[in-house]
Amino acid sequence: MRDGAQQEGLNLSVQDKLHVARHLDDLGVGFIEGGWPGSNPKDTEFFALAAKELELRTATLAAFGATRRAGLRAADDPLVAALRESGAPVVTLVAKSHDRHVELALRTTLEENLAMVRDTVEHLRAEGQRVFVDCEHFFDGYVANRAYALEVVRTAAEAGADVVVLCDTNGGMLPHQVEEVVADTLSVGARLGIHAHNDTGCAVANSMAAVRAGATHLQGCLNGYGERTGNADLVTSVANLELKLGMQVLPEGALAEATRIAHAVSEITNYPPSARQPYTGVSSFAHKAGLHASAIRVDPDLYQHIDPALVGNDMRLLVSEMAGRATIELKGRELGYDVGDDAERLGRITERVKAMEQQGYTFEAADASFELLLAEEMEGARPSYFDVESWRVLAESSRGTEATVKLRAAGQRLAVIGEGNGPVNALDHALRQAIEQLYPDVARFHLIDFRVRILDQGHGTDAVTRVLIETSDGKDAWVTVGVGPNMIEASWEALVDALTYGLRRHGVPVGTA
Ligand SMILES: [Zn+2]
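Here the structure is a predicted model, which is why all the values come from computation and not from measurement.

So, how was this worked out
Counting restarts for each chain: residues are numbered from 1 in the order of the written sequence. Local features are withheld for residues below a pLDDT of 70 in this predicted model, meaning they are given only at 70 or higher, and side-chain atom pairs are given and counted only at 80 or more; totals for whole chains, interfaces and linings count all residues. Hydrogens and water are ignored here; the side-chain numbers use all heavy atoms of the structure. Secondary structure follows DSSP: runs of H or I at least 4 residues long count as helices, runs of E at least 2 residues long count as strands, and numbering of each begins at the N terminus. Relative accessibility thresholds used throughout: buried, under 20% of the residue-type maximum; exposed, over 50%; partly exposed, between the two (1.4 Å probe, protein chains only). The contact criterion used throughout is that any non-hydrogen atoms of two residues lie within 4.5 Å. Working definition of accessibility: Shrake-Rupley area with a 1.4 Å probe, residue cover restricted to the visible protein chains. Two strands make a pair as long as DSSP finds a minimum of two bridges between them. To get an axis, fit a line to the C-alpha atoms, keeping to the stretch in contact for a helix; angles then go from 0 to 180 degrees between the N-to-C directions. The rule is simple: put a 1 Å grid over the protein atoms alone, call a set of points where a 1.4 Å probe fits but cannot get out a cavity, call an open set with protein on both sides within 12 Å along at least five of seven lines a pocket, and count a residue as lining if it has an atom within 4 Å of a point. Grid points are joined across faces, edges and corners, and a volume is the space filled by probe spheres set on the points. Polarity classes work like this: nonpolar for Ala, Val, Leu, Ile, Met, Phe, Trp, Tyr, Cys and Pro, charged for Asp, Glu, Lys and Arg, and polar for all others, with Gly in that last group. A 2.8 Å cut-off from the metal defines N, O and S donors, relaxed to 3.2 Å for Na, K and Ca; water is not in the atom list, so some sites may appear incomplete. Whenever Lys or Arg places a side-chain nitrogen within 4 Å of a carboxyl oxygen from Asp or Glu, that contact is recorded as a salt bridge. An angle counts as roughly parallel when it lies under 35 degrees, as roughly antiparallel when it exceeds 145, as roughly perpendicular when it falls between 65 and 115, and as oblique in every other case.

Asker: What's the story with the overall build of the chain in this structure? I'm lost.
Answerer: Of the regular secondary structure elements, the chain holds 17 helices and 15 strands. C-alpha atoms of the chain, sized along the principal axes, occupy 85 × 55 × 45 Å. Looking at the chain as a whole, 52% of its 513 residues qualify as buried. Here the analysis covers contacts within the chain between residues at least 6 apart in sequence; of these, 65% occur between residues at least 24 apart. Total accessible area on the chain is roughly 23000 Å²; 48% of this is exposed by carbon and sulfur atoms.

Asker: I would appreciate a short explanation of the sheet that holds strand β12 (residues 412–420) in the present structure.
Answerer: The strands making up a sheet are joined through hydrogen bonds of the backbone, oriented either antiparallel or parallel. Taken together, the three strands give an open sheet; going across it, the order is β10-β11-β12, and neighbouring strands pair in antiparallel fashion. The open sheet has two free edges, formed respectively by β10 (387–397) and β12, since each of these has just one partner strand. For this sheet the average axis-to-axis angle between neighbouring strands, irrespective of direction, equals 15°. Note that β10 and strand β11 (residues 400–409) share nine bridges and pair antiparallel. Looking across to β11, one finds that Ser-390 is bridged to Lys-406. Packing against the sheet, helix α16 (residues 423–436) makes contact with β10, β11 and β12, and its axis sits at approximately 145° to β12. Against the sheet, helix α17 (residues 487–505) engages β10 and β11, with an angle of about 135° to β10.

Asker: What is the right way to look at the layout of surface pockets in this model?
Answerer: Gaps left between atoms are located by rolling a probe of water-molecule size over the structure's atoms. Estimated volume of the largest pocket: approximately 1800 Å³. Considering the residues around the largest pocket, the lining is formed by 45 residues, among which His-263, Val-282, Glu-470, Ala-477 and Val-479 are closest to the centre. Contributing elements (two or more residues each) for the lining of the largest pocket: α11 (258–269), α15 (367–379), β13 (446–455), β14 (464–472), β15 (477–484) and α17. Looking at which element gives the most residues to the lining of the largest pocket, the answer is α11, with six residues. Its residues assigned to classes, the lining of the largest pocket shows 18 nonpolar, 12 polar and 15 charged. If you add up the space inside the second largest pocket, you get close to 840 Å³. The set of elements that each furnish at least two residues to the lining of the second largest pocket consists of α1 (14–27), β1 (31–35), β4 (130–136), β7 (217–219), α10 (234–244) and α11. Element by element, the count of residues in the lining of the second largest pocket is highest for α10, at four residues.

Asker: Is there a simple way to think about the coordination of the zinc ion in this case?
Answerer: Taken together, the protein ligands of the zinc ion are Asp-3 (OD), His-195 (NE2) and His-197 (NE2), with distances of 2.0 to 2.2 Å. Considered as a linear motif, the donors of the zinc ion on their single chain read D-x191-H-x1-H. Highlighted residues: Asp-3 in the segment before α1 and His-195 in strand β6 (residues 192–196), separated in sequence by 192 residues. Here Asp-3 and His-195 have matching classes, each one buried.

Asker: Explain the pairing of β4 to me, please; I cannot follow it from the model alone.
Answerer: The side chains of a regular strand alternate between the sheet's two faces. Of all seven residues in β4, six are buried, a share of seventy percent or more. Note: strand β3 (residues 90–96) against β4, seven bridges, orientation parallel. Looking at the pairing, Thr-92 lines up with Phe-132 of β4.

Asker: Please clarify how the pattern of salt bridges should be interpreted in this entry.
Answerer: If you walk through the whole model with that rule in mind, you get 33 salt bridges. Between Glu-112 and Arg-68 there is a salt bridge whose closest N-O contact spans 2.8 Å. One end of the pair, Glu-112, is in helix α5 (residues 110–126); the other, Arg-68, is in the loop between β2 (60–66) and α3 (78–84), and 44 residues separate them in sequence. Residue Glu-112 shares its accessibility class with Arg-68, and that shared class is buried. A salt bridge links Arg-260 to Glu-257, with the nearest nitrogen and oxygen atoms 2.8 Å apart. Assessed through its relative accessible area of 43%, Arg-260 is described here as partly exposed. By relative accessible area, Glu-257 is classed as partly exposed at 32%.

Asker: So what exactly am I meant to see when it comes to the side chain of His-23 here?
Answerer: Structurally, His-23 can be placed in helix α1. For His-23, a relative accessible area of 19% puts it in the buried group. Excluding residues that lie within four positions of it along the chain, His-23 makes contacts with Ile-261, Ala-264, Val-265 and Ile-268.

Asker: What is the right way to read the packing of helix α13 (residues 325–334) against helix α14 (residues 343–359) from this model?
Answerer: Working note: a packed helix pair is described by the angle between its axes plus the distance between those axes. Here α13 crosses α14 at 100°, and the two axes come no closer than 9 Å. As judged from the angle between their axes, α13 and α14 are roughly perpendicular. Along the contact surface, α13 presents Arg-325, Ile-328 and Glu-329, while α14 presents Ala-343, Leu-346, Gly-347, Ile-349, Thr-350 and Val-353. Classifying every residue of the contact of α13 with α14 gives five nonpolar, two polar and two charged.

Asker: Got a minute to help me understand empty space enclosed by the protein in this structure?
Answerer: By the definition in use, this model includes one cavity of 30 Å³ or more. Estimates place the volume of the largest cavity at around 40 Å³. Lining the largest cavity we find Asp-428, Arg-432, Leu-447, Ile-469, Thr-471, Leu-495, Ala-498 and Leu-499. Those elements that place two or more of their residues in the lining of the largest cavity are α16, β14 and α17. Looking at the lining of the largest cavity element by element, the count peaks at three residues for α17.

Read these as geometric descriptors, not functional statements.
Here it is as structure tokens:
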């Protein structure tokens, strides 16, 4: 958690960190590095609150800090005192292991640095804390001065450190180098760990290489958070260890919670989860090509490296221009429709999807619009809770925008004016206010994401606008699509779909109002 919070643009409050810690505990990690007590008031407060409020089931809290200052006794160093008094059962102590860093950054001698490691570890051990020593810049230090880097590891282990963690602080290593260095460093006789940054795109690969060479402790961050290009992604690392290398790392069954937890934490960090994150991304098990889909129908394992349920993810079929009948059939089944039993209807739906995609629609992300299309084809008519008579955006001024919507529903005629900070916002308000009078469920729906794309239709035709809208009811979210000659018309179509789909999903029967 400490190193992940170094990510640019990521700013966690003390309460946020308590929430993240609970999620990490749910994932079943062994240790959570909470922060650097004494370095800033927020981290000090976190440990004070954690001691009172945080009940961890599997994880142990670790405080991060540095070895004592040069020329001072560990017992007299106020920063070491902050670690001692943090209440954390474990201290992760960062130590210099690169000779040039000792001389240039610490401005002390190589001998004094060793004394600082020994003294600080011994002191904290004597005070009852377990100590992990993070050897900063270890791999670069090893290349520059192997004997000294190994001496730091030996000193830490002899002073009583449980684990000596080899850090690729600059993240510049490649897996074969890590494997060699870890294997050689084992000759010191210490228990080793790995802490890898992703600057060569190899953080996880380097972590795997270290484990294969004999490291038994791995540090990583959820969703690969971290400064620059991030740290080794925790879920990817753990899933690789469990599913690829056959090691039991987490408590039984915990890995199946990984996708849920990774996404829950991205809500707290306010960093949208990457669709392409290995194992936990929404695209991680998404299949597009129609050719694949026909084989997937026979055996899903042919096109995915693991069963997505092992990490709590799902296989997803993308309805796309490449889609053949098999994709539509499988996608229909995923949504609860048996489309395959009528070859003619299946052919009609496939043709319709292809024609709409030609016009600019996309159903890859817009599952909700696709489901409405399927429902229409299967049930003979599009689900409809209201008939729109007319709508228009009235005026735009510095005070905002007004829109009117006139519609009929359940024998009533409604005309509503909505206000908003733009035409789409105003239309959304007007439509919602009108329908809410008849269908109270709508009050719980809100627009959470809005994406506009101008599509160049090629020679001879005008560009069209495509809008994707994501709507949430506080529990689930769904995406709808609209296409039109401009943003307002495209948005309107997506808004109508969004409310229609939401009501249907809530089980509201058509025409009950
Ligand atoms: Zn780091």
